[in-house]
Amino acid sequence: MKHGGKEVLVVTRDKHVREKVKEWVSPESRIRWCRGAQDAKEKLTGEDEEAVIIWDASLEDTPKAIRRLHSVRPEARIIVVSPNPRWEEARECFRAGAVDYVSSKMSSWERRRIRERLRQWLV
Amino acid sequence: MCQGKKRILIIENVSTFRASLKRSLEADGYEVLEAATADEGRERLAQEWVHLALVDVRARTPEVDESDDESGLDLIRDKAHPSYGVIPRLILTAYPEWDKVKRALAPDENGITPAEDFLVKGVDSPEEILRKVEETIERWWSPRLDIDWEASTPICLASFLEPEEKWQDGEHLEVSARELGALLCRAYANEPQIRKLSIRRVRRGHARTFIAFARTHLDDAIAGREDVLKCGPREVIEQEIENYREYVRPHTHQIHVQRVSQTTKYATIRYNPAGGRLGACETFKDFYRDSQVEEIKALLTRLFRGEGTPLRTWYHERRVQKETHEGRDIFAHYNQTLKVARRERKRQINGRGPIERLLTSLEKGGQLGIRVERHRNTLTVHVTNFGAFAVSDFMALVRGEKTLPLPAPHWWGVTHGDLNGENILVDEQGTPWLIDFERTGWGPAFRDAAELESVIRWELLRTNNMRDIVIFEEVLLKAALQSGEQTESLVDNNGGEWSDDLKKAARVILHLRDLLGAMYGRGPRMYQEYLVGMFFYALRFVSKDGITSPGQVRSPIVRKTHALLSALRIAHIAQNGWQELQNE
């Protein structure tokens, strides 16, 4: 079920990340899944509504992927989820245009924060 | 390219590193200021102008790096600090951690990032630090966007303002074209692929703001999207953002505040109506002029009832009846927000404001519909065929010294607050989009519809024939908030000799009222509240200066007289306890 016309595009191959994302996103929001940047680009092209993209950092070169996704949807908000967060990777992701970088092993406080951000963006 | 020596503030608690960095920067031609602690840096940033701040994460205690010290991070993330979003920062640390990177570089809810980059001592070389400094200053202070202003567009904010106007604290307004350019560039700072901005239309807003319609260009061959930019004093724009968050965003997916940029005094919001794919659009005023009745009716229906529009939610869901004392709150609200009494007081010539001047100018050989007579020293207004009352009583209403009788309780709700013909955009598919939420919030529930009706009556109507206008006013008064089927016959029966323009206006207005009646009910009490709104919008129109509308054939004096006629008629009916409406 779509909520307000916006949806979350989740790019991951990891079951653990999928489970985590389902915890963050409210049941009213629509989630679409894909497995890589090319797949994500195809899903974004031609869509009317703005997107929130959750990108699994264990996939391909994340900063490069962020730039590719932004070339299709400049206004998309990209959140990077990392199973092993590193400061160098975080820095490069933000330089590439990500709006957030989170650990998949996040604390309950962080989980509440990300839920609230998603709620604001998706409502 | 940036010109002149650039000033950099280093906030670093370790003196040897601070000195080394200072030497490198000075060798590169920068003027360098220092602060040995975050507290000292906080004060210097607030008081002195710099082009960039280099901030160490751990800067609480001189010469000591404590593991729990995040004073530098706290400083850059302090949104209340005057330098936030204004002076770019580079964060420095010898102890990088990913969550610190995130807190420094993740954008806040307005799209502003606390720092521009995160540099690591011992990892990033001195040359890399210098390169980052130069790149940040260049990007921040030298507008990279090619901003193309159309020939007819004023180039700087100051041209919208009267020279004698001042900011609060007695500070004179000074906005240069360069600062305006910087403000606009920062609104697109996170989209480096945008090369050019074409500002194709600019109009003045309230409280020293302006709204610009801009088309982004990715390169010469590829056009981007259509954005709506609103610029103005920071406190005004911040209020609009709050209004947007509270009243608009939860109720629609169609309008999006993309980014906020700010300087010390000004800020910009960037809207993306229709997700940025608005394409060619026109204002409601232009749409009204070019369209047939049925098209305009369909637009109004979509505006007030369309799926996903904020008006639908505001009008259908968030309504409350507020217990007020005999109309005083509604009266005071309208007079204050529309500044009727204030304008009448401030624009006096020979002791008379614009409304009183128009009234007294009708004393001899007045327009049909209104006649003013003097008997000894008392002026009396005769609204043709409808009775008379003293000019002094009417002016007491204008000044807020008296109110129109209106039994409590009254309807209050969330409304747009400024639903004039230019804050409704219409795209090529005939879909309406709202902009400008500066006045959005709780108010008299009927104010939006009353304002839109006033736009149609006094700004868009083209008829000069006062006889027909008087009949037009009476038809609208009798129609109240009845359903469209009942009111169509009123137009057919009374408007036989009317121009097409009058018939069009009547049908559109009656459809608007039909929509309102369907939402709030069609009883006399609702209609009385509606007419109070119409009363004030009429007075506001009479007291406005510089009324021009492209393509308008009616002279300002005819339009103002029409508006005054309407206000007098409402005051007359109300003065007699609204009996005339209840007898219908």
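Residues numbered from 1 in each chain as written. Chains lettered and ligands numbered in written order. Predicted model: local features only at pLDDT ≥ 70, side-chain atom pairs only at ≥ 80, totals over all residues.

Turning next to the overall build of chain B. In terms of regular secondary structure, chain B is built from 21 helices and 20 strands. Across the 584 residues of chain B, 43% fall into the buried class. (Helix = DSSP H or I, 4+ residues; strand = E, 2+ residues; numbered from the N terminus. Buried ≥ 20, exposed ≤ 12 C-beta atoms within 10 Å, placed from the backbone.)

What follows is about the overall build of chain A. The helix and strand tally for chain A stands at 5 helices and 5 strands. Taken from N to C terminus, the helices and strands of chain A fall in the order β-α-β-α-β-α-β-α-β-α. Relative to the 2.2 N^0.38 estimate, which gives 14 Å for 123 residues, the radius of gyration of chain A is 13 Å and therefore close to what a compact globule would have. Counting only C-alpha atoms and orienting by the principal axes, one finds that chain A spans roughly 35 × 35 × 25 Å. Counting only residues that meet the buried cut, chain A has 40% of its 123 residues in that class. (Rg over C-alpha atoms; globule rule 2.2 N^0.38 Å.)

Here we come to the sheet that holds strand β18 (residues 424–426) of chain B. All names here are of chain B. Spatial ordering of the open sheet is given by β12-β18-β19, a layout of 3 strands whose pairing is antiparallel. Pairing within the sheet leaves two strands with one partner each, and these edge strands are β12 (282–283) and β19 (432–434). As defined by bridge partners, β12 adjoins β18 across 2 bridges and the pair is classed as antiparallel. Note that in β18 the partner of Glu282 across the bridge is Val426. (Pairing = 2+ DSSP bridges.)

With that settled, consider the sheet that holds strand β5 (residues 100–103) of chain A. Residue and element names in this part refer to chain A. Pairing is parallel in the open sheet, where 5 strands are placed in the order β2-β1-β3-β4-β5. The strands lining the two open edges of the sheet, one partner per strand, are β2 (30–34) and β5. Each strand axis lies, on average, 20 degrees off the axis of its neighbour in the sheet, ignoring direction. (Axes fitted to C-alpha atoms, helices over the stretch in contact; angles between N-to-C directions.)

Now for the nonpolar core. If you look at soluble globular proteins, the nonpolar side chains tend to sit buried side by side. Core analysis: the biggest nonpolar cluster contains 115 residues, and Ala506, Val532, Phe535, Ala538, Leu539, Ala567 and Ala571 of chain B have the highest contact counts within it. Per element, the largest residue contribution to this core is 13 residues, and it comes from helix α19 (residues 524–543) of chain B. Of the residues that make up this core, three or more belong to each of domain 2 (146–276) and domain 3 (294–582) of chain B. Residues contacting Ala567 of chain B, with those up to four places away along its chain left out, are Phe535, Ala538 and Leu539 of chain B. Counting 69 residues, the second largest nonpolar core, distinct from the first, contains Ile79 and Trp121 of chain A together with Val55 and Ile137 of chain B. (Core = buried A, V, L, I, M, F, W, Y, C linked by C-beta atoms within 7 Å. Domains from an automatic or database assignment. Contact = placed C-beta atoms within 7 Å.)

To continue, consider the environment of Val17 of chain A. Residues and elements named next belong to chain A. Inspection of the secondary structure puts Val17 in helix α1 (residues 15–24). Given 22 C-beta atoms within a 10 Å radius, Val17 is considered buried. Through-space distance from the C-alpha of Val17 to that of Lys105 is 9.5 Å; in sequence the pair is 88 residues apart. In this view, Val17 contacts Thr12, Asp56, Val81 and Ser104; residues no more than four positions away in its chain are not counted.

Take helix α4 (residues 98–105) of chain B next. The α-helix winds at 3.6 residues per turn, so residues separated by three or four positions along the chain end up facing the same way. Every buried residue of α4 of chain B is accounted for by Trp98, Val101, Lys102, Ala104 and Leu105 of chain B. Down the axis of α4 of chain B, the buried side of the element spans an arc of 165 degrees, and every buried residue falls inside it. Residues of α4 of chain B that are buried sit in contact with α4 (87–96) and β5 of chain A together with α3 (71–76), β4 (89–93) and β5 (117–120) of chain B. (Arc of directions from axis to C-beta.)

Its location among the elements puts Arg7 of chain B in strand β1 (residues 7–11). Setting aside its immediate chain neighbours within four residues, Arg7 of chain B contacts Glu31, Leu33, Trp49, Val50 and His51 of chain B.

Residues and elements named next belong to chain A. Most of strand β4 (residues 77–82) is tucked away: 6 of the 6 residues are buried. Residues Arg77, Ile79 and Val81 line one face of β4 and the alternating positions Ile78, Val80 and Ser82 line the opposite face, and both faces are buried. For strand β3 (residues 51–56) and β4, the ladder comprises 5 bridges, and the chain directions are parallel. Across the sheet, residue Trp55 finds its bridge partner in β4, namely Val80.

What follows is about the domain arrangement of chain B. Residues and elements named next belong to chain B. Split into domains, chain B comes out as domain 1 (7–141), domain 2 (146–276) and domain 3 (294–582). Listed per partner, the contact involves 21 residues of domain 2 and 16 residues of domain 3. When residues of the side of domain 2 that touches domain 3 are traced back to their parent elements, those giving at least two are β9 (223–233) and α7 (234–248). Partitioned by chemical class, the residues of the side of domain 2 that touches domain 3 number 10 nonpolar, 8 polar and 3 charged. (Nonpolar A, V, L, I, M, F, W, Y, C, P; charged D, E, K, R; others polar.)

Before going further, it helps to examine α7 of chain B. Residue and element names in this part refer to chain B. The end-to-end C-alpha separation of α7 is 20 Å, in line with the 21 Å expected for 15 residues at 1.5 Å each. Taken together, the buried positions of α7 are Ile237, Glu240, Asn243, Tyr247 and Val248. Down the axis, α7 shows its buried residues gathered within 115 degrees of arc, on one side only. (Expected span 1.5 Å × (residues − 1).)

Residues and elements named next belong to chain B. The predicted model of chain B has a mean per-residue pLDDT of 82, with 82% of residues at 70 or higher. The least confident element of chain B is strand β14 (residues 370–375), whose mean pLDDT is 68; the most confident is strand β3 (residues 52–56), at 96. A low-confidence stretch, residues 154–175 (pLDDT under 50), is modelled with 27 contacts involving residues beyond four sequence positions or located in other chains. Predicted as a complex, the structure gets a pTM of 0.74 and an ipTM equal to 0.88. (pLDDT = per-residue confidence, 0-100.)

Our focus in this paragraph is the packing of helix α9 (residues 293–305) of chain B against helix α18 (residues 500–520) of chain B. Residues and elements named next belong to chain B. For the pair α9 and α18, interaxial distance at closest approach is 10 Å and the crossing angle is 20 degrees. Regarding the angle of α9 to α18, the classification is roughly parallel. Both α9 and α18 take part in a crossing whose hand is right-handed. Residues Val293, Ile296, Lys297, Leu300, Thr301, Phe304 and Arg305 of α9 touch α18, and the partners they reach there are Lys504, Arg507, Val508, His511, Leu512 and Leu515. (Parallel < 35°, antiparallel > 145°, perpendicular 65-115°, else oblique. Left-handed = near helix turned anticlockwise from the far one by under 90°.)

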